[in-house]
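An overview of the molecular structure
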Amino acid sequence: MADRPTDPVFLNQPCTDSLRLINLINQALRTDPIVLSPDAQRICDTIMGARPDFLLLVDVNGVIHFATDACESLFGISALALEGRPFASLLQVTDQQNFSRFLHDRIAPMAGQSFAQLGPIDLRIKLQGGERREFPSWVALRVGSVDMLQPASAQVSLFFFSLMDITHREAEEERILHQLNFDALTGLPSRYNLISSVEKHIETISASAQAKPFVFVFFDLDRFKTVNDALGHRIGDEFLAALCQRLKASLAPEHIFVRFGGDEFILFLPTVDNLNEASTLCLQALDLMRQPIDVAGYTLSCGASFGLAHYPDHGRTIDSLIEAADTAMYHIKSQDSGGCAVYDPAMRTERFSQLQLEQELREALSRDEFTAYYQPMVDLATGKVVGAEALARWNHQRLGLLGPKDFLALAEQAGLVRKIDTRVQAEALTVAAVWRQQGHDITLSLNSSAAQIESRGFLRSIEALCVAAEYPFDRLKIELTEQALVRQVELAAANIQALRNRGVKVAIDDFGKGYSSLTYLRQFPVDVLKIDQTFIQDIQTSRDAKAGVTLADVVIAMAKGLGLTLIAEGVEYPAQIEYLRQQACDQAQGFLFSEPCDAAQMTKVLAAGSFAKELQAAAQVSKAES
Ligand code: C2E
Ligand code: MG
Ligand code: MG
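Below is a summary of the structure that appears in this document.

Each value, and the rule that gives it
- Residues numbered from 1 in each chain as written.
- Chains lettered and ligands numbered in written order.
- Predicted model: local features only at pLDDT ≥ 70, side-chain atom pairs only at ≥ 80, totals over all residues.
- Heavy atoms only, no water.
- Helix = DSSP H or I, 4+ residues; strand = E, 2+ residues; numbered from the N terminus.
- Buried < 20%, exposed > 50% of the residue type's maximum accessible area, 1.4 Å probe, protein only.
- Contact = heavy atoms within 4.5 Å.
- Areas by Shrake-Rupley, 256 points an atom, 1.4 Å probe, with all protein chains shown as cover.
- Patch = residues over 30% accessible without salt bridge, like charges linked within 9 Å, V, L, I, M, F, W, Y side chains within 5 Å.
- Salt bridge = Lys/Arg side-chain N within 4 Å of Asp/Glu carboxyl O.
- Near = heavy atom within 4 Å.
- Polar contact = N/O pair within 3.5 Å; in protein donor to acceptor, adjacent residues only side chain to side chain.
- Nonpolar A, V, L, I, M, F, W, Y, C, P; charged D, E, K, R; others polar.
- Donors = N, O, S within 2.8 Å, 3.2 Å for Na, K, Ca; no water.
- Expected span 1.5 Å × (residues − 1).
- Phe/Tyr/Trp six-rings, centres within 6.5 Å; stacked < 30°, edge-to-face > 60°.
- Pairing = 2+ DSSP bridges.
- Arc of directions from axis to C-beta.
- Axes fitted to C-alpha atoms, helices over the stretch in contact; angles between N-to-C directions.
- Core = buried A, V, L, I, M, F, W, Y, C linked by side-chain atoms within 4.5 Å.

Some thoughts on the overall build of the protein
When helices and strands are tallied, the protein shows 25 helices and 22 strands. Out of the 626 residues in the protein, the part that is buried amounts to 49%. Counted over contacts in the protein with a minimum sequence separation of 6, partners at least 24 positions apart contribute 65%. Looking at the protein as shown, the accessible area adds up to about 30,000 Å², and 52% of this sits on carbon and sulfur atoms.

So this is what it looks like as structure tokens:
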């Protein structure tokens, strides 16, 4: 018997526990005074060091010999009263049998051995309501480990049961599992849930002799980001939840509707094997989504783009089906029409080249491949060149010179448009400053994306560019294109006003082309309207000029009525000039005068200085025709 003193770890336990336990062990070991054998010491260290919630010493028959004070809170019976009771009597009936089997199979074989350690053992048991225990009436326990104390001199085998209360842990596990399987906002099954159910479904059907095909749909809300940006995430969330509820109610119970993430969803249609039927179902869903919903005083509706994939034609695994349906969705989305599309392998190539282009766009910025082209703006009364509009071009290494239609939308999606704007603007201001030094008193027009106009640092960034280029504010015009939807209207309006206060002119570009022209006019204080090319194209010949110019008439009259400067875009024919002059339109730009050209070419145009000859010729052509 070793004569080591009692280990302090042991004594760190609550005093009464320690003394009672030491007493008990001493009785068992028949030792005197208070010392523990190295074996007993090791076991006690292990058990106490693991800091179990509750500790019991139980004999081979399951009778309790010792319980820590804390056990009272668990069993509702005082620690002393627990001594002598069979542990099984504390358990629910169903667990009593489990426990006896456990005693018989695991504990009994160890009895009589000089030393043994079992564990950890995962035995989940539920307790009966104790005498003083109110709620909850049961507790889930985990027997973490069982250790045996049986020195040669002892008559009884004692087993340490270290118990942990896992009630909360179980509830937590359940909560986590629920979170994993269901989306908190919409209550719809989650991506995780979908993956396991589709995998199971595929496993089942592929094991059966006749694999039953099905359709898998990926869809994404159109312009949902606008709702979030304009009205805030709370209203965005409410709208999304209401939309999902409506959609869910319209679907048959066997159709699985899943929130994949953000505004992306999946419809797994295990009973639909026909793509036409699935398309009809998607279009019905789309109709439903387009019907307005009232949220927090706003009336909101939303479009969506659906991509359809067929099992097994388009994919045999969940991953390949998601990818195929997502590719089809991406395809229909890029068409800007909404609706649905069935996957086709050609779409993958198209998407790949889009992705590649996006990557190239980033690289192009770092390699400085963007530049400005210029188009002269002509005063219709005198023919003088009074301005130049800077237009972005991308000197693509492989594809040559690209115009904005090839990359602007993508740049907007990829969040790169502001960088491109700034790059083009900086170059144009530097070039235009040189023109001014050469004596050309023109106004430089810069196109600005909505992202730029509604950014907080917009004024500072334009100021910095002007200062760096030594270009005066009052010879600058900013064109706000209507296609780029402004979301932060107040911020944009404040920026526009601040620019005007500094003497910068502001124009609404492509006026009349989209539905928001008039709204913009109300929201933003501007100086200039640029009539969209489509109105000018209507005036292609003098014959057309007499017949169908009513829309252009209206736009021009309105701009004049508001006292705004009016610029016509896309002038290609003499008759158009004549018409515009008669309507007292101020300026024009278009291929008739000059196509957009590089800085060197534009310098020549400025040196020539005037298109008065073209105006005269136009007047003569027009007279001859009438
Ligand atoms: P925009 O500002 O309305 O520019 C006029 C567009 O019409 C230019 O197209 C120009 O090449 C074209 N155009 C000019 N005259 C004629 C004509 O007589 N007939 C025809 N059919 N077209 C004519 P481009 O350069 O392709 O630019 C397209 C649009 O891209 C611009 O329309 C503008 O909205 C946007 N954009 C151009 N540069 C930038 C830029 O640096 N930043 C931003 N955010 N947008 C830009
Ligand atoms: Mg423009
Ligand atoms: Mg325009």
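Concerning a nonpolar patch on the surface
Together, Leu 177, Leu 180 and Tyr 192 give the surface a local cluster of nonpolar side chains, amounting to about 290 Å² of exposed area. Tracing the chain through its elements places Leu 180 in helix H7 (residues 167–181). Leu 180 gets classed as partly exposed once you look at its relative accessible area, which sits at 38%.

Remarks on the site of ligand 1
If you check the shell around ligand 1, you find 24 residues, and the closest are Asp 421, Asp 509, Gln 533, Glu 572 and Phe 591. Between Asp 510 and ligand 1, the recorded distance is 3.0 Å, taken from a side-chain N or O atom to an oxygen atom. Elements with a minimum of two residues in the shell around ligand 1: strand E15 (385–396), helix H14 (404–413), helix H15 (417–437), strand E17 (443–448), strand E18 (476–481) and strand E19 (505–511). With 4 residues, the top contributor of residues to the shell around ligand 1 is E15. Looking at the shell around ligand 1, its residues break down into 8 nonpolar, 8 polar and 8 charged.

So, the coordination of the magnesium ion (ligand 3)
Distances from the magnesium ion (ligand 3) to its protein donors, Asp 509 (OD), Asp 510 (OD), Glu 569 (OE) and Glu 569 (OE), fall at 1.9 to 2.3 Å. A separation of 4.1 Å is found between the magnesium ion (ligand 3) and the magnesium ion (ligand 2), both of which receive a donor from Asp 509. Placement of the pair is Asp 509 in strand E19 and Glu 569 in the loop between strand E21 (565–568) and helix H23 (574–582), with a sequence separation of 60 residues. Given a relative accessible area of 4%, Asp 509 falls into the buried group.

Concerning helix H12 (residues 318–334)
Here H12 contains 17 residues, and its C-alpha end-to-end distance of 24 Å stays within 8% of the 24 Å for a straight helix at 1.5 Å per residue. Along H12, the positions that sit buried rather than exposed are Ile 318, Leu 321, Ile 322, Ala 324, Ala 325, Asp 326, Thr 327, Ala 328, Met 329, His 331 and Ile 332.

Regarding the packing of aromatic side chains
Inspection of the entire model under this criterion finds 16 aromatic pairs. For the ring pair Phe 370 and Trp 394, a centre distance of 5.5 Å and an interplane angle of 35° mean the geometry is tilted. Taken as a pair, Phe 370 in strand E14 (residues 370–379) and Trp 394 in strand E15 lie far apart in primary sequence, 24 residues in all. As far as the burial class goes, Phe 370 and Trp 394 line up, both buried. With centroids separated by 5.9 Å and ring planes inclined at 85°, the aromatic side chains of Trp 394 and Phe 407 adopt a geometry described as edge-to-face. Pair noted here: Trp 394 is in strand E15 and Phe 407 is in helix H14, with a separation of 13 residues, a long-range link. The exposure class assigned to Trp 394 is buried, which follows from its relative accessible area of 1%. For Phe 407, a relative accessible area of 1% gives the class buried.

Side note on the pairing of strand E13 (residues 339–342)
On E13, burial follows the alternation: Gly 339 and Ala 341 on one face are buried, whereas Cys 340 and Val 342 on the facing-out side are not. Direction of pairing for strand E12 (residues 303–311) relative to E13: parallel, over a ladder of 4 bridges. Counted as the bridge partner of Phe 306 is Cys 340 from E13.

Structural notes on helix H8 (residues 191–207)
The end-to-end C-alpha distance of H8, which contains 17 residues, comes to 24 Å, matching closely the 24 Å that a straight helix rising 1.5 Å per residue would cover. Where H8 is concerned, the buried positions are Asn 193, Leu 194, Val 198, Ile 202 and Ile 205. One side of H8 holds all its buried residues, which, seen down the axis, span an arc of 155°. Summarising the geometry of H8, the exposed residues directed more than 90 degrees from the buried face are Lys 200, Glu 203, Thr 204 and Ala 207.

Details of the sheet that holds strand E7 (residues 214–222)
Here we have 5 strands laid out as an open sheet, ordered E8-E9-E7-E12-E13, and mixed in their pairing. In the strand order of this sheet, the two ends are held by strand E8 (256–261) and E13, each with one partner. When the angles between neighbouring strand axes are averaged without regard to direction, this sheet yields 20°. Alignment of E7 against E12, held across 9 bridges, turns out to be antiparallel.

Things to note about the nonpolar core
Among the nonpolar cores identified, the biggest contains 83 residues, and Leu 429, Trp 435, Leu 444, Leu 476, Phe 524, Leu 580 and Met 602 are the most heavily contacted of them. Among the elements that line this core, the one with the most residues is H15, at 9 residues. Counting residues in hydrophobic clusters, the runner-up holds 32 residues, among them Val 217, Val 227, Ala 278 and Leu 286.

Focus on the pattern of salt bridges
Enumeration according to the criterion identifies 20 salt bridges in this entry. Linking Arg 367 and Glu 369 is a salt bridge whose minimum nitrogen-to-oxygen distance equals 2.8 Å. A residue is classified by how much of its surface remains accessible, and Glu 369, at 10% relative accessible area, is buried. Each of Glu 389, Glu 479, Lys 530 and Glu 569 takes part in salt bridges that share partners, so that together they form one network.

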